[in-house]
Amino acid sequence: MKHFVLGLVLLAGSAVAAEEVKDFGRDRLNTSPRHADWVDIKSGARAIKAFVVYPERKDKVPAVLVISEIFGLTDWVRSLCDELAENGVIAIAPDLHGGQKFEDLDAARKATSALPQEQVKADLDAISDYALTKIPACNGTLAVCGFCWGGGVTFAYANENPKLKAAYSFYGVAADSPDKVKNIPCPVYGFYAENDERVDATIPKAQELMKSAGKTYEPVIYKGAGHGFMRMGEPSNPAVRETDRKARNEAWERWKKLLKQLP
């Protein structure tokens, strides 16, 4: 995980430079029939908060760890957790930014680049352990997903946690050296935008590395989409972009099928 946090935020921040920070998604949260909780989880000497949403199911199900963009644990991220739960899994999103709220992109960049890399890993480990040992409704299967900065962290963290069964990286930078893929225990599924060359340029190298290491990496590039299309294509986004909405729908259809494949 060495140096991955700063490197990823620099790339992620420049990739979304044209975007405004607009939060939304609370309407979905307020009208959802699913149960959700805020939980406090011990991470070393610290305590971090996480948002957990449960599906309406009578059996135990997999848990998916959700890693946010550089904007932190926004209402949109929490609404996406609800959408994951609607599709049959437990979604748990840690507040890696310690409750910080950002009014502009530059503040989000600075705060994310200041996150100690070992702290991020420790927090993700703590959340993973909590999901597997403290959530009775979890069936013992754990996956991870992330967006933008969180998408890059997802790829990096897949190399750090041997308990993962799948990793879903959304428009995050991919691994760039053999040591960053050698321990990956699960398939990595990439969701990328056509109009995002800064991130897409990292895909070919990762394909070579994963193939050489005997790992599964399945990147898909969505035509016409821009960076951040899962958020920018959200119907409740006041600034929704039509090409991103189409890409978001296509990505969700793929993701739903992949989620059903979790053991």
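Whatever comes next refers back to the structure up there.
Keep in mind that what you see is a predicted model, and the values were worked out from it rather than measured.

A few words on the nonpolar core. Counting 49 residues, the largest nonpolar core has Phe155 and Tyr217 as the members making the most contacts within it. Setting aside residues no more than four positions away along its own chain, Phe155 makes contact with Val173, Ala174, Ala175, Ile184, Val188, Tyr192, Ala206, Met210 and Tyr217. In this structure, Val53, Leu80, Tyr171 and Trp255 belong to the second largest nonpolar core, which totals 38 residues.

Take the pattern of salt bridges next. Under the criterion given, the structure shown has 20 salt bridges. Salt-bridge contacts for Arg231 lead to Glu69; the nearest nitrogen and oxygen are separated by 2.9 Å. Here Glu69 lies in the loop between strand E3 (61-67) and helix H3 (75-86) and Arg231 lies in helix H9 (residues 229-232), a separation of 162 residues in the sequence. Across the pair Arg248 and Glu83 runs a salt bridge whose closest N-O atoms are separated by 2.8 Å. Here Arg248 is found in helix H10 (residues 242-260), whereas its partner Glu83 is found in helix H3, with 165 residues between them in sequence. Overlapping salt bridges, with partners in common, bring together Arg28, Arg34, Asp82 and Glu86 in one network.

For Glu250, the position within the fold is in helix H10. The class of Glu250 is partly exposed, set by a relative accessible area of 33%. Taking the C-alpha atoms as reference points, Glu250 and Tyr222, 28 residues apart in sequence, are found 7.9 Å from one another. A polar side-chain atom of Glu250 sits 2.5 Å from a polar atom in the side chain of Lys246.

Rules of the game
Residues numbered from 1 in each chain as written. Predicted model: local features only at pLDDT ≥ 70, side-chain atom pairs only at ≥ 80, totals over all residues. Heavy atoms only, no water. Core = buried A, V, L, I, M, F, W, Y, C linked by side-chain atoms within 4.5 Å. Buried < 20%, exposed > 50% of the residue type's maximum accessible area, 1.4 Å probe, protein only. Contact = heavy atoms within 4.5 Å. Salt bridge = Lys/Arg side-chain N within 4 Å of Asp/Glu carboxyl O. Helix = DSSP H or I, 4+ residues; strand = E, 2+ residues; numbered from the N terminus. Polar contact = N/O pair within 3.5 Å; in protein donor to acceptor, adjacent residues only side chain to side chain.

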